[in-house]
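Fold and geometry: a report
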Amino acid sequence: MKITGLNLDIIWKNKAENFNLIEKELQNQEADLFLLPEMFSTGFCMDASEVSDRNLESLEFLKKMAKEKNAAFCGSAPVEENGKFYNRMYFVQPDSQIDFYDKRHLFSFSGEDKVYTPGKERVIVNYLGFRILLQVCYDLRFPVFARNNDDYDAVLYVANWPEKRVGAWEHLLKARAIENLSFVFGLNRIGTDGNNLFYQESSHCFFADGKEISQKNGNLVTAELNLEELKDFRSHFQFLNDRDSFLIEF
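This text gives an overview of the structure that appears in the document. Worth saying up front: this structure is predicted, and the values here are computed from it rather than measured. (Residues numbered from 1 in each chain as written. Predicted model: local features only at pLDDT ≥ 70, side-chain atom pairs only at ≥ 80, totals over all residues. Heavy atoms only, no water.)

Moving on to helix α1 (residues 15-25). Within α1 the residues assigned to the buried category are K15, N18, F19 and I22. Looking straight down α1, one finds its buried side chains confined to an arc of 100 degrees; they lie on one side. (Buried < 20%, exposed > 50% of the residue type's maximum accessible area, 1.4 Å probe, protein only. Helix = DSSP H or I, 4+ residues; strand = E, 2+ residues; numbered from the N terminus. Arc of directions from axis to C-beta.)

Right, let's get into the sheet that holds strand β3 (residues 72-81). Ordered in space as β5-β4-β3-β2-β1-β14-β13, the seven strands form an open sheet in which the pairing is mixed. Looking at the sheet topology across the chains shown, the edges are occupied by β5 (98-102) and β13 (215-217). Across this sheet, the average inter-strand angle for adjacent strands is 30 degrees, counted without regard to direction. Of the pairings in the sheet, the one linking strand β4 (residues 84-92) to β5 comprises five bridges and is antiparallel in character. If you follow Y90 over to β5, its bridge partner there is F100. (Pairing = 2+ DSSP bridges. Axes fitted to C-alpha atoms, helices over the stretch in contact; angles between N-to-C directions.)

To continue, consider a nonpolar patch on the surface. A cluster of nonpolar residues, V144, F246, I248 and F250, forms a patch on the protein surface that exposes about 360 Å² of accessible area. Tracing the sequence through the fold places V144 in the loop between β7 (130-136) and β8 (154-159). (Patch = residues over 30% accessible without salt bridge, like charges linked within 9 Å, V, L, I, M, F, W, Y side chains within 5 Å. Areas by Shrake-Rupley, 256 points an atom, 1.4 Å probe, with all protein chains shown as cover. Salt bridge = Lys/Arg side-chain N within 4 Å of Asp/Glu carboxyl O.)

We now examine the layout of surface pockets. Roughly 250 Å³ of volume is contained in the largest pocket. Along the walls of the largest pocket sit 19 residues, with F44, F107, S110, N160 and R165 positioned nearest its centre. The residue inventory of the lining of the largest pocket, partitioned by class, reads 11 nonpolar, three polar and five charged. Each pocket or cavity is described by its volume, and for the second largest pocket that value is around 190 Å³. As for the second largest pocket, its lining consists of K84, Y86, F100, Y101, D102, T117, P118, G119, K120, E121 and V123. Looking at the lining of the second largest pocket element by element, the count peaks at three residues for β5. The residue inventory of the lining of the second largest pocket, partitioned by class, reads five nonpolar, two polar and four charged. (1 Å grid on protein atoms, 1.4 Å probe; cavity = no way out; pocket = protein on both sides within 12 Å on 5 of 7 lines; lining within 4 Å. Points joined across faces, edges and corners; volume = space filled by probe spheres on them. Nonpolar A, V, L, I, M, F, W, Y, C, P; charged D, E, K, R; others polar.)

In any sheet, the strands associate via hydrogen bonds between backbone groups, in a parallel or an antiparallel arrangement. Taken together, the five strands give an open sheet; going across it, the order is β6-β7-β8-β9-β12, and neighbouring strands pair in mixed fashion. In this open sheet, the two edge strands, each paired with only one partner strand, are β6 (124-127) and β12 (204-206). Looking at each pair of strands side by side, their axes are set apart by 20 degrees on average, direction ignored. Bridge count for strand β9 (residues 183-188) against β12 is three bridges, and the pairing is antiparallel. The residue of β12 that forms the bridge with V184 is F206. Each of β8, β9 and β12 is contacted by helix α5 (residues 166-180), which is oriented at about 160 degrees to β9, the strand it contacts most. (Contact = heavy atoms within 4.5 Å.)

One non-glycine residue with positive phi stands out, namely K13, at about 60 degrees. Tracing the sequence through the fold places K13 in the loop between β1 (2-6) and α1. Of note in the backbone geometry, N70 takes a positive phi value of approximately 50 degrees without being a glycine. Secondary-structure assignment places N70 in the loop between α3 (57-69) and β3. A relative accessible area of 60% places N70 in the exposed class.

So, on to the pairing of strand β14 (residues 220-224). Examined bridge by bridge, β1 and β14 share five bridges and lie antiparallel to one another. Within the sheet, the bridge partner assigned to G5 lies in β14 and is V221. Bridge count between β13 and β14: three bridges; the pairing is antiparallel. Bridge pairing links N217 to L220 in β14. Between β13 and β14, which pair antiparallel and follow one another directly, the connecting turn spans two residues, one of which, G218, has a positive phi of 65 degrees.

What follows is the structure, encoded as structure tokens:
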């Protein structure tokens, strides 16, 4: 499975311009799955009542792109539903099948927990033979929630993770790959947001042994995920068999 992530310099609170920019950047690209950053249509914004998708604008854009590219599209957007706001990560397949995950760990340091509602479900998507766990930004700091119970092969993290703390982002991505014997693809945004926070290029894909397997070309980060290679690695290093058993309470 070929995954291409877009290091997007998100235009603050401007969905139409971000949609146009994404289309332009991906115009001549081919992949099985395209990955977009956290809140790709607005930037990581706490003005939820202003920027949230009341008419599913971001989802409709992902559906349109998935159909045009004959590929899956994945990224998160602020969504309003039943009077509540969610940081919702969509996974849209070419046939318009839609899965979504609402960010569980809200970033209290920025007040996200005061504006958005946390998700209550751990979501794994099946696509092209891969079992894929969906995660958003701050979730990366909580390994228990992402622990592999031998139920996924790859993890996707989409983020707005500022340059000031980028060392933690990069180390934790590699750690999640090693401890869970899984592919981990972490896509961060780039540029400067409306809060004057800077984001450096820091997107990566790691194999289960912690080796980076992504290649970068301009604003694109691409990785080929080989499921048979992962199965062989897990068969040889059966570390997941020794994992602790536990239940997560919501």
